Amino acid sequence: MNKKILITACILGVVAIVLGAFGAHGLKSLISSDAQQTFETGVRYQMYHALFLLCIGNLALLTEKAKRIILYLTIFGILCFSGSIYGLATNELTSFDFKHIGFITPIGGLLLIMAWLVLLINFFKNKTDNS
């Protein structure tokens, strides 16, 4: 499970860097500065959670079950949160109106919050530390 988490973290990180560069350079003349900031928010949260998964993959305190739950919550959270933000920020460039699926942005945010809460709950349940 750790290897799967670490590989996923690296892929999310690489994609975040590529999208960040694309947003800063490729989209600069195509979308408004507000849309660029929105796009950057998606990139930032994707990178935060790539780093989050790097930490999760290296934590010995968590059970495999907890790691699996955190991994899937994070993947689906990023797809919904950052993915919808990318679509909304570039909405004027496509024929599809991403505003129709904008409701999945908060769902993605909720999934990311749940991943962090699973981590917190597992820290409280951990019996290895006596302090």
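Residues numbered from 1 in each chain as written. Predicted model: local features only at pLDDT ≥ 70, side-chain atom pairs only at ≥ 80, totals over all residues. Heavy atoms only, no water.

1. Brief notes about the overall build of the protein
Here's step 1: Within the protein, the regular secondary structure consists of four helices and zero strands.
Here's step 2: Helices and strands in the protein line up, N terminus first, as α-α-α-α.
Here's step 3: Taken over the C-alpha atoms alone, the protein extends approximately 55 × 25 × 25 Å along its principal axes.
Here's step 4: Within the span of the protein, comprising 131 residues, buried residues form 37% of the whole.
Here's step 5: For the protein, the proportion of contacts with a sequence separation of at least 24, taken over those separated by at least 6, is 79%.
Here's step 6: Split by element, the accessible area of the protein, about 7800 Å² in all, is 69% carbon and sulfur.
Here's step 7: One way to put it: in the protein the 10 positive side-chain charges average out to a point 14 Å from where the 6 negative ones average out. (Helix = DSSP H or I, 4+ residues; strand = E, 2+ residues; numbered from the N terminus. Buried < 20%, exposed > 50% of the residue type's maximum accessible area, 1.4 Å probe, protein only. Contact = heavy atoms within 4.5 Å. Areas by Shrake-Rupley, 256 points an atom, 1.4 Å probe, with all protein chains shown as cover. Lys, Arg positive; Asp, Glu negative; His and termini not counted. Charge placed at Lys NZ, Arg CZ, Asp CG, Glu CD.)

2. What to know about the environment of Asn2
Here's step 1: Mapped onto the elements of the fold, Asn2 is located in helix H1 (residues 2–26).
Here's step 2: Here the alpha-carbon distance between Asn2 and Thr63, two residues 61 residues apart in the chain, equals 11 Å.
Here's step 3: Contacts of Asn2, omitting those with residues within four sequence positions, involve Gly57, Glu64 and Lys67.
Here's step 4: In terms of polar contacts, Asn2 uses its side chain to reach the side chain of Lys67, at 2.6 Å. (Polar contact = N/O pair within 3.5 Å; in protein donor to acceptor, adjacent residues only side chain to side chain.)

3. Remarks on the environment of Met114
Here's step 1: By the secondary structure assignment, Met114 is in helix H4 (residues 104–125).
Here's step 2: Sequence spacing of Met114 and Asn91 is 23 residues, and the spatial spacing of their C-alpha atoms is 28 Å.

4. What to know about the nonpolar core
Here's step 1: With 20 residues, the main nonpolar core has Phe52, Leu53, Ile56, Leu62, Ile70 and Leu119 as its most contacted residues.
Here's step 2: For this core, the elements supplying multiple residues, two or more each, are H1, helix H2 (33–57), helix H3 (64–89) and H4.
Here's step 3: In terms of residue count, H3 provides more of this core than any other element does, seven residues in total.
Here's step 4: Contact partners of Ile70, with chain neighbours within four places excluded, come to Phe52, Leu53, Ile56, Leu62, Ala115, Val118 and Leu119.
Here's step 5: Judged by nonpolar contacts, the second largest core, of eight residues, contains Ala35, Phe39, Tyr86 and Ala89. (Core = buried A, V, L, I, M, F, W, Y, C linked by side-chain atoms within 4.5 Å.)

5. Description of the packing of H2 against H3
Here's step 1: Look at H2 against H3: their axes get within 8 Å of each other, and the N-to-C directions meet at 170°. Looking at the two axes, H2 sits roughly antiparallel to H3.
Here's step 2: Taken together, the residues of the contact of H2 with H3 break down into 14 nonpolar, eight polar and one charged. (Axes fitted to C-alpha atoms, helices over the stretch in contact; angles between N-to-C directions. Parallel < 35°, antiparallel > 145°, perpendicular 65-115°, else oblique. Nonpolar A, V, L, I, M, F, W, Y, C, P; charged D, E, K, R; others polar.)

6. As for the packing of aromatic side chains
Each aromatic ring pair is characterised by the separation of its centres together with the angle its planes make.
Here's step 1: The full count for this structure, using the stated rule, is four aromatic pairs.
Here's step 2: Where Tyr45 meets Phe81, the ring centres are 5.0 Å apart and the plane angle is 55°; that geometry is what we call tilted. Separated by 36 residues along the polypeptide, Tyr45 in helix H2 and Phe81 in helix H3 bring together distant segments of the chain.
Here's step 3: On the basis of relative accessibility, which here comes to 32%, the residue Tyr45 falls in the partly exposed class.
Here's step 4: Both rings, one in Phe52 and one in Trp116, keep their centres 4.1 Å apart while their planes meet at 25°; by these two values the pair is stacked. Of this pair, Phe52 sits in helix H2 while Trp116 sits in helix H4, placing them 64 residues apart in sequence. (Phe/Tyr/Trp six-rings, centres within 6.5 Å; stacked < 30°, edge-to-face > 60°.)

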